[in-house]
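# Close look at the chain arrangement
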Amino acid sequence: MTDSHESVESALKLVYGFRSTQVTYVVAKLGLADQLADGPLTAIELASRVNVKPENLGRVLRLAAFFGVVAEVPGERFELTSLGRMLGTDAAGSIKATAIMLGEEHYGAWGSLLHSVKTSEPAFEHVYGAPFFDYMAAHPDVQATFDAAMSAGMDVMLESLGDAYDFSGSRLVVDVGGGNGSVAAMILKRHPQLEAVIYDQAQVLAAAESYLTAAGVRSQCRLVPGNFFESVPEGGDAYVLSNIVHDWDDERALRILRNCRAAMAPDAVVLLLEAVLPEHGSPSVAAMADVNMMVLLTGRERTEKQYAALLEAAGLRLSKVTPIWARESLIEARPL
Ligand SMILES: C[S@@+](CC[C@H](N)C(=O)[O-])C[C@H]1O[C@@H](n2cnc3c(N)ncnc32)[C@H](O)[C@@H]1O
């Protein structure tokens, strides 16, 4: 292939990106990886198991084979590849919930990215008629997929968090906007002496109840419903905010941080887990999360300087930033 062919191929791969999102979505939504777990099947066999039309399913599976999700084997059968296995419900590091979440509301909202650019409004609200978290509160199935997707594939990141901060001197961790409790569960498993408060909206705490029970740490946790714009539970010596501050514009992010500052003792710590944007001039995967915050919410990813300024306005001093994973960093802050 000549250079110009290669650049056309790369350019086309870029603009056709949405097709791989929708093909992996269909595989995930129909549970095809689970059906193929015991061995290859034809499109007709698969279609009858998941109650769809075999002709079109077969054609989509051939595209899934092009993307490396399945492979075609003799007898017009399809078998799972190692990539496809990650779309299985019980696969280690399963990305099934992520593929469903991205193929549904995220896909719909990103389809109106141009709206966000023209108006500075979240595309999500324009398309779905309600703010992101309010919409999920009214759609429990969407909420459940989101909660599962938030912890999907995060084991490696969570282990790195456990290495990056020593919780052995802490007694009570408050996981602010703790979601299904996966971050708290990792910390509690490493430190059985610790207790944790999982603080989130009431409708999210059901997911935390089952996740923490399955993780064997439920007895070390209190599940507290509430609104972090109003207050945050007192008494913690570590306030963990994992992917919280980036959801909000500066004004609302400040309200959350000020509430943490008001609740914490002078020797307590605030631990933010976020994708830190590099200063201008270095391409970064954090830009992906930044635009996602623009599309879904009023939030943004921030540079270290922007975090330092935001924390200072909340009465906190940024004391350390530790990169802990491909995308995330741990930002430590203490009362000024
Ligand atoms: C991006 S998720 C992060 C979840 C979890 N910390 C994690 O990293 O997996 C944001 C969380 O903030 C919670 N949240 C949103 N608005 C909230 C509010 N006003 N008060 C408390 N929690 C809220 C959501 O329910 C959700 O669980």
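Residues numbered from 1 in each chain as written. Predicted model: local features only at pLDDT ≥ 70, side-chain atom pairs only at ≥ 80, totals over all residues. Heavy atoms only, no water.

Within the open sheet, the three strands sit side by side as 1-3-2. Their pairing is antiparallel. The open sheet is flanked by strand 1 (41-42) and strand 2 (70-73), the only strands paired with a single partner. Here strand 2 runs beside strand 3 (residues 77-80); their pairing, made up of four bridges, is antiparallel. The residue of strand 3 that forms the bridge with Val-70 is Leu-80. (Pairing = 2+ DSSP bridges. Helix = DSSP H or I, 4+ residues; strand = E, 2+ residues; numbered from the N terminus.)

Let's shift gears to the packing of aromatic side chains. Applying the stated criterion across every chain, the model contains 13 aromatic pairs. Put simply, the rings of Phe-124, Tyr-128, Phe-132, Phe-133, Tyr-135, Phe-146, Phe-228, Phe-229 and Trp-248 touch in pairs and so form one group of aromatic residues. (Phe/Tyr/Trp six-rings, centres within 6.5 Å; stacked < 30°, edge-to-face > 60°.)

Here we come to the site of the ligand. The full set close to the ligand counts 18 residues, and Gly-177, Asp-200, Gln-201, Asn-227 and Ser-242 are the nearest of them. Interatomic distance of 2.7 Å between a side-chain N/O atom of Asp-200 and an oxygen atom of the ligand. Measuring from an oxygen atom of the ligand, one finds a side-chain N or O atom of Gln-201 at 2.9 Å. The fraction of the free accessible surface of the ligand (590 Å²) that becomes covered by protein chains is 95%. Partitioned by chemical class, the residues of the shell around the ligand number eight nonpolar, eight polar and two charged. Formed jointly, the shell around the ligand draws a minimum of three residues from each of two domains, domain 2 (96-150) and domain 3 (154-335). (Near = heavy atom within 4 Å. Polar contact = N/O pair within 3.5 Å; in protein donor to acceptor, adjacent residues only side chain to side chain. Areas by Shrake-Rupley, 256 points an atom, 1.4 Å probe, with all protein chains shown as cover. Nonpolar A, V, L, I, M, F, W, Y, C, P; charged D, E, K, R; others polar. Domains from an automatic or database assignment.)

Across a sheet, paired strands are connected by hydrogen bonds in the backbone, their directions being either parallel or antiparallel. The seven strands lie next to each other as 6-5-4-7-8-12-11, forming an open sheet whose pairing is mixed. Across the chains shown, the open sheet's two edge strands, defined by having one partner strand only, are strand 6 (221-225) and strand 11 (316-323). Each adjacent strand pair in this sheet contributes to an overall mean axis angle of 20 degrees, direction not counted. Strand direction decides the pairing type here: strand 8 (residues 269-274) and strand 12 (residues 329-335), joined by five bridges, are antiparallel. Residue pairing for strand 12: Glu-274 is matched across the bridge by Ser-329. Lying on the sheet, helix 14 (residues 205-214) is in contact with strand 5 (195-200) and strand 6; it crosses strand 6 at an angle near 170 degrees. Sitting on the sheet, helix 17 (residues 304-313) touches strand 8, strand 11 and strand 12, and the angle it makes with strand 11 is about 150 degrees. (Axes fitted to C-alpha atoms, helices over the stretch in contact; angles between N-to-C directions. Contact = heavy atoms within 4.5 Å.)

A cluster of nonpolar residues, Val-8, Leu-12, Leu-14, Val-15, Tyr-16, Phe-18 and Tyr-107, forms a patch on the protein surface that exposes about 670 Å² of accessible area. When residues in the nonpolar patch are grouped by element, the largest group, four residues, is from helix 1 (residues 3-15). With respect to the secondary-structure elements, Val-8 resides in helix 1. Judged by relative accessible area, Val-8 falls into the partly exposed class, the value being 46%. (Patch = residues over 30% accessible without salt bridge, like charges linked within 9 Å, V, L, I, M, F, W, Y side chains within 5 Å. Salt bridge = Lys/Arg side-chain N within 4 Å of Asp/Glu carboxyl O. Buried < 20%, exposed > 50% of the residue type's maximum accessible area, 1.4 Å probe, protein only.)

We note that the domain assignment places domain 1 (3-85), domain 2 (96-150) and domain 3 (154-335) within the protein. Each of domain 1 and domain 2 has a C-alpha centre, and the two are 24 Å apart. Of the residues lining the interface, nine residues belong to domain 1; the matching set on domain 2 comes to seven residues. Summed over both sides, the interface of domain 1 with domain 2 buries roughly 660 Å², with 62% coming from carbon and sulfur. The largest share of the area that domain 1 buries against domain 2 comes from Gln-22, Tyr-25 and Ala-28, three residues that together contribute 58% of it. Applying the counting rule to domain 1 against domain 2 returns two salt bridges. For Lys-29, the salt bridge is made with Glu-104, and the minimal N-O distance between the two is 3.0 Å. Applying the counting rule to domain 1 against domain 2 returns three residue pairs in polar contact (both at pLDDT 80 or more). Per-element accounting of the side of domain 1 that touches domain 2 gives the leading share, seven residues, to helix 2 (residues 17-29). (Buried area = accessible area lost by both parts, 1.4 Å probe.)

A separate point is the packing of helix 15 (residues 250-263) against helix 17. Axis angle and axis distance: for two packed helices, these are the angle between their axes and the distance between the axes, and together they describe the pair. Where helix 15 meets helix 17, the closest approach of the two axes is 9 Å, and the angle between their N-to-C directions is 55 degrees. Comparing the axis directions of helix 15 and helix 17 gives the class oblique. Of the two elements, helix 15 crosses helix 17, and the hand of that crossing is right-handed. For the pair formed by helix 15 and helix 17, the contact residues are Asp-250, Ala-253, Leu-254, Leu-257 and Arg-258 on the first element and Leu-310, Leu-311 and Ala-313 on the second. Among the residues forming the contact of helix 15 with helix 17, the class breakdown is six nonpolar, no polar and two charged. (Parallel < 35°, antiparallel > 145°, perpendicular 65-115°, else oblique. Left-handed = near helix turned anticlockwise from the far one by under 90°.)

The next thing to look at is the nonpolar core. Core analysis: the biggest nonpolar cluster contains 49 residues, and Val-176, Phe-228, Tyr-239, Leu-241, Val-270 and Leu-272 have the highest contact counts within it. Per-element accounting of this core gives the leading share, six residues, to helix 15. Split by domain, this core shows at least three residues from each of two domains, domain 2 (96-150) and domain 3 (154-335). Sequence-distant contacts of Phe-228, that is, excluding residues within four places in its chain, are made with Val-176, Gly-177, Tyr-199, Ile-244, Trp-248, Arg-255, Ile-256 and Asn-259. Formed by 30 residues, the second largest nonpolar core is a distinct cluster that contains Met-186, Leu-194, Ile-198 and Ala-238. (Core = buried A, V, L, I, M, F, W, Y, C linked by side-chain atoms within 4.5 Å.)

Where burial is concerned, most of strand 8 is hidden: six out of the six residues are buried. The alternating pattern of strand 8 places Val-269, Leu-271 and Leu-273 on one face and Val-270, Leu-272 and Glu-274 on the opposite face, and all of these are buried. Both strand 7 (residues 238-242) and strand 8 contribute to a ladder of five bridges, which runs parallel. The partner of Tyr-239 across the bridge, within strand 8, is Val-270. The parallel pair strand 7 and strand 8 is bridged by helix 15, and the resulting crossover is right-handed. (Right-handed = clockwise from strand over helix to strand, strands pointing away.)

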